[in-house]
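Residue-level listing of the chains:
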Amino acid sequence: MQIATAIVAAAGSGERLGAGEPKALVEVAGRTLLAWGLDALLAAESVGAIVVVLPPGVDGDLPVGAERVDGGATRAASVAAGLALVETDLVVIHDAARPFVSQTLVDAVIRRLDDHPDAHGVIAAAAMTDTIKRAGEDGVIAATEDRETLWAAQTPQAFRTTALRDAYAQAGAAVAGATDEAMLVERAGGTVLIEPAPASNLKVTTPEDLRLAELLLAQ
């Protein structure tokens, strides 16, 4: 299996969390969200180097060997800053806001990409189980979507480094609106596969999420 470089997106302000500090550095069960997520990347057999993208001037107390880089004004700009330091053929990107990620899931997305030479990326994703409605700004339901074909994208997301760099270059100014890297690769014509993620791979976005994470991680 090829060895990937991990980029940890940890430059978010955490505005929706209301913590008054970068989300990645919010403490949960005695450790930062960033530290919890780094555990899985450090343990993963398929990860050889780690780049952590943090807000300018912020020290994340990183583990030995991890490289730090300043983030940008958008998620895409932050990941691009980390991508500039990647020297491996594969790269895996993970959000610090997902502290429950497992070593197994990290290795799974990278292994699946390595096993499918025609694919440009593999992302962790969860199958939709709720009935999904599409509505306009007036709140009126316009359609009920077929949930059998819908997945909620998560991280980690693994890519061939050249494919991701090409996708950034092709996106131009539109890159600022990208909410994940798979979107850019898809728009560039790349093939991205799905690796089913466990229900435990939760994301911390709101104060309610933080309280739930505290309960789960304190066990």
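Just so we're clear, the structure is a prediction, and the values are computed from it rather than from any experiment.

How do you make sense of the overall build of the protein when you look at a structure like this?
Across its full length, the protein holds six helices and 11 strands. Relative to the 2.2 N^0.38 estimate, which gives 17 Å for 219 residues, the radius of gyration of the protein is 17 Å and therefore close to what a compact globule would have. Across the 219 residues of the protein, 45% fall into the buried class. A separation threshold of at least 6 residues defines the contact pool for the protein, and within that pool the share at least 24 residues apart is 68%. Accessible area for the protein stands at about 10700 Å²; split by element, carbon and sulfur atoms hold 51% of it. For the protein, the distance from the average site of its 16 positive side-chain charges to the average site of its 30 negative ones is 4 Å.

Which parts of the structure should I look at to understand the side chain of Ser46?
In this fold, Ser46 is placed in the loop between helix H1 (33–43) and strand S4 (47–54). Relative accessible area serves as the criterion here: at 0%, Ser46 is assigned to the buried category. Here Asp107 takes part through its side chain, which lies 2.5 Å from a polar atom of the side chain of Ser46. In contact with Ser46, other than residues within four places in its own chain, are Met1, Gln2, Ile3, Ala4, Val106, Asp107 and Ile110.

Which parts of the structure should I look at to understand helix H6 (residues 207–217)?
An α-helical segment advances 3.6 residues per turn. Residues three or four places apart therefore align on the same side. Of the positions making up H6, those classed as buried are Leu210, Ala213 and Leu217. Projected onto a plane normal to the axis of H6, the buried residues spread over an arc of 60° and lie on a single side. Turned more than 90 degrees off the buried face of H6, the exposed positions are Arg211 and Leu215. On its buried face, H6 is in contact with strand S2 (27–28) and H1.

Help me understand a nonpolar patch on the surface in this model?
Together, Leu202, Leu212 and Leu216 line one region of the surface with nonpolar side chains, adding up to about 210 Å² of accessible area. Along the chain, the position of Leu212 falls in helix H6. The exposure class of Leu212 is partly exposed, given its relative accessible area of 40%.

Looking at this model, I keep getting lost on the pattern of salt bridges. Mind explaining?
In a structure, side chains of opposite charge can pair up when their charged atoms sit close to one another. Under the definition given, this model contains six salt bridges. With its nearest N and O atoms 2.7 Å apart, the salt bridge here joins Asp70 to Arg68. Residue Arg68 is classed as partly exposed on the basis of its relative accessible area, which comes to 30%. Taken together, the salt bridges that share partners define one network made up of Arg75, Asp95 and Glu181.

Can you walk me through the pairing of S4 in this structure?
Where a strand is regular, its side chains alternate between the two sheet faces. With six of eight residues buried, S4 is to be regarded as a mostly interior element. Where S4 meets strand S5 (residues 67–70), four bridges bridge the pair, whose relative direction is parallel. Bridging across to S5, Leu54 finds its partner in Asp70.

Is there a simple way to explain the nonpolar core in this structure?
The tendency in soluble globular proteins is for nonpolar side chains to be buried side by side. Ranked by internal contacts, the top residues of the largest apolar core, which has 31 residues, are Val8, Leu34, Val47 and Ile110. Listing elements by their share of this core, those giving two or more residues are strand S1 (4–9), H1, S4, strand S6 (90–95), helix H3 (103–115) and strand S7 (121–127). Sort the elements by how many residues they give to this core and H3 lands first, with five residues. When near neighbours in sequence (up to four residues on either side) are disregarded, Leu34 contacts Val8, Ala10, Ala24, Leu25, Val52, Leu54, Gly60, Leu62 and Ala96. With 23 residues, the next largest nonpolar core counts Val51, Phe159, Val175 and Ala178 among its residues.

Cut-offs used in this document
- Residues numbered from 1 in each chain as written.
- Predicted model: local features only at pLDDT ≥ 70, side-chain atom pairs only at ≥ 80, totals over all residues.
- Heavy atoms only, no water.
- Helix = DSSP H or I, 4+ residues; strand = E, 2+ residues; numbered from the N terminus.
- Rg over C-alpha atoms; globule rule 2.2 N^0.38 Å.
- Buried < 20%, exposed > 50% of the residue type's maximum accessible area, 1.4 Å probe, protein only.
- Contact = heavy atoms within 4.5 Å.
- Areas by Shrake-Rupley, 256 points an atom, 1.4 Å probe, with all protein chains shown as cover.
- Lys, Arg positive; Asp, Glu negative; His and termini not counted.
- Charge placed at Lys NZ, Arg CZ, Asp CG, Glu CD.
- Polar contact = N/O pair within 3.5 Å; in protein donor to acceptor, adjacent residues only side chain to side chain.
- Arc of directions from axis to C-beta.
- Patch = residues over 30% accessible without salt bridge, like charges linked within 9 Å, V, L, I, M, F, W, Y side chains within 5 Å.
- Salt bridge = Lys/Arg side-chain N within 4 Å of Asp/Glu carboxyl O.
- Pairing = 2+ DSSP bridges.
- Core = buried A, V, L, I, M, F, W, Y, C linked by side-chain atoms within 4.5 Å.

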